[in-house]
Amino acid sequence: MKLEPEGKEVDQPTEAPEEVPVSSKEEAEGVPAGEVEEAPPEVKVEGEEVEGKEAEAERDVREQEIAALKEEVESLRSQLIRLHADFDNYRKRVRREQQEMKETATAGLIKELLPVLDNLELALAAAKTGGEKEAFVSGVEMVWRQLLEVLSREGLTPIEAVGRPFDPFQHEAVATEEASEAGQYNTVTAELRKGYLLKGKLLRPALVKVAVPPAPPPEASTEDKKEES
């Protein structure tokens, strides 16, 4: 108990003072009740926003470049397919034209050889009827000349061999014989099969016999030399 100055007793309060509610506290501080202070909004830095826009623009550019490259690749692929088909058709056409030219050339040559065949048949028929030998030989010789003339028009030329120096590009030596003179060394002495050139190129070499120097005499043995001494 606490005594007042006048000597009167005053009862002390037994209960704790009541807590002031938050709303009352806010009202006391000048803040309206029910309003809670919110966190300040996040502020974006201007540099980060610019970098984001640049990255997005760069990504768009790359996507456009990729799309353009894909379109170009597809275009090149289509061109390659067309070129392959065109080349295949060209190759077939050239092959067909070459075959036709070959057949045409063969037909022309055979047509020119038909008169030769006719004359050869006439010569054989004359020989069978018991004609003269000289007439038969003359007929065969005429056929040979006619055939050679037809082949000459196609570019066939006989290779000259006898009496000429041996030429390995046109002659093929199948036999040899000793030369009687030194000037005949490496000279063709006989022609066993005629060779031909076709338009300046070797068609078939001539089979020839070539003159070679005489073989040296064999050396005397030791016993022969002793007997001579």
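Values in this document were obtained by computation on a predicted structure and should not be read as measured data. (Residues numbered from 1 in each chain as written. Predicted model: local features only at pLDDT ≥ 70, side-chain atom pairs only at ≥ 80, totals over all residues. Heavy atoms only, no water.)

**Q** Sorry if this is basic, but what is going on with the overall build of the chain here?
**A** Helix and strand counts for the chain come out as 4 helices and 8 strands. Starting at the N terminus, the α and β elements of the chain follow one another as β-β-α-α-α-β-β-β-β-β-β-α. Among the 229 residues that make up the chain, the fraction classed as buried is 9%. With an accessible surface of roughly 20,000 Å², the chain has 55% of that area assigned to carbon and sulfur atoms. (Helix = DSSP H or I, 4+ residues; strand = E, 2+ residues; numbered from the N terminus. Buried < 20%, exposed > 50% of the residue type's maximum accessible area, 1.4 Å probe, protein only. Areas by Shrake-Rupley, 256 points an atom, 1.4 Å probe, with all protein chains shown as cover.)

**Q** When you look at the sheet that holds strand S7 (residues 201–204) in this model, what are you seeing that I'm missing?
**A** Within a sheet, each strand pairs with its neighbour through backbone hydrogen bonds, oriented either parallel or antiparallel. If you walk across this open sheet you meet the 3 strands as S3-S6-S7, and the pairing is antiparallel. Edge strands, defined here as strands with exactly one partner in the open sheet, are strand S3 (156–158) and S7. Neighbour-to-neighbour, the strand axes of the sheet open up by a mean angle of 35 degrees, direction not taken into account. Sheet topology note: the S3/strand S6 (residues 196–198) ladder contains 3 bridges and is antiparallel. (Pairing = 2+ DSSP bridges. Axes fitted to C-alpha atoms, helices over the stretch in contact; angles between N-to-C directions.)

**Q** Sorry, what's going on with the sheet that holds strand S8 (residues 206–212) here?
**A** Strand order in the open sheet made by the 3 strands is S4-S8-S5, with mixed pairing throughout. Two strands lie at the open edges of the sheet, namely strand S4 (171–178) and strand S5 (188–193), each paired on one side alone. Between one strand and the next, the sheet's axes are offset by a mean angle of 30 degrees, whatever the strand orientation. The sheet contact formed by S4 and S8 spans 7 bridges and is parallel. Bridge pairing in S8 links glutamate 177 to alanine 211.

**Q** Please clarify how the pattern of salt bridges should be interpreted in this entry.
**A** Where charged atoms from two side chains of opposite charge approach closely, those side chains can pair. One pass over the full model with this rule turns up 8 salt bridges. In this structure, arginine 77 engages glutamate 74 in a salt bridge whose closest nitrogen and oxygen atoms are separated by 3.8 Å. Here glutamate 74 and arginine 77 lie together in helix H2 (residues 46–128), a separation of 3 residues that amounts to about one turn. Since its relative accessible area comes to 49%, arginine 77 is described here as partly exposed. (Salt bridge = Lys/Arg side-chain N within 4 Å of Asp/Glu carboxyl O.)

**Q** Before we go on, may I ask you to explain the side chain of threonine 187 in this structure?
**A** The residue threonine 187 is located in the loop between S4 and S5 in this model. Using a relative accessible area of 16% as the deciding quantity, one classes threonine 187 as buried. Apart from the residues within four sequence positions on either side, threonine 187 is in contact with Gly163, Arg164, Pro165, Phe166, Lys209, Val210 and Ala211. (Contact = heavy atoms within 4.5 Å.)

**Q** Can you help me understand the nonpolar core in this one?
**A** Across soluble globular proteins, you tend to see nonpolar side chains buried next to one another. Core analysis: the largest hydrophobic core is formed by 5 residues, namely Ala161, Val188, Ala206, Val208 and Val210. Per-element accounting of this core gives the leading share, 3 residues, to S8. Setting aside residues no more than four positions away along its own chain, valine 188 makes contact with Ala161, Val162, Gly163, Arg164, Phe166, His171, Val208 and Lys209. (Core = buried A, V, L, I, M, F, W, Y, C linked by side-chain atoms within 4.5 Å.)

**Q** Looking at this structure, how should I read the side chain of histidine 171?
**A** If you trace the backbone, histidine 171 turns up in strand S4. Residue class for histidine 171 comes out buried when judged on its relative accessible area of 5%. At 3.4 Å, the side chain of histidine 171 and the backbone oxygen of glutamate 160 are in polar contact. Beyond its immediate chain neighbours, meaning those up to four positions away, histidine 171 contacts Ile159, Glu160, Ala161, Pro165, Phe166, Val188, Ala206 and Val208. (Polar contact = N/O pair within 3.5 Å; in protein donor to acceptor, adjacent residues only side chain to side chain.)

**Q** Sorry, what's going on with unusual backbone geometry here?
**A** With glycine set apart, most residues show a phi of negative sign, and most peptide bonds adopt trans. The phi angle at asparagine 186 is positive, at roughly 60 degrees, despite the residue not being glycine. With respect to the element layout, asparagine 186 can be found in the loop between S4 and S5. Exposure remark for asparagine 186: the relative accessible area of 42% places this residue in the partly exposed category. In this structure, lysine 199 takes a positive phi of about 55 degrees despite not being glycine. On the accessibility criterion, lysine 199 (68% relative accessible area) is exposed.

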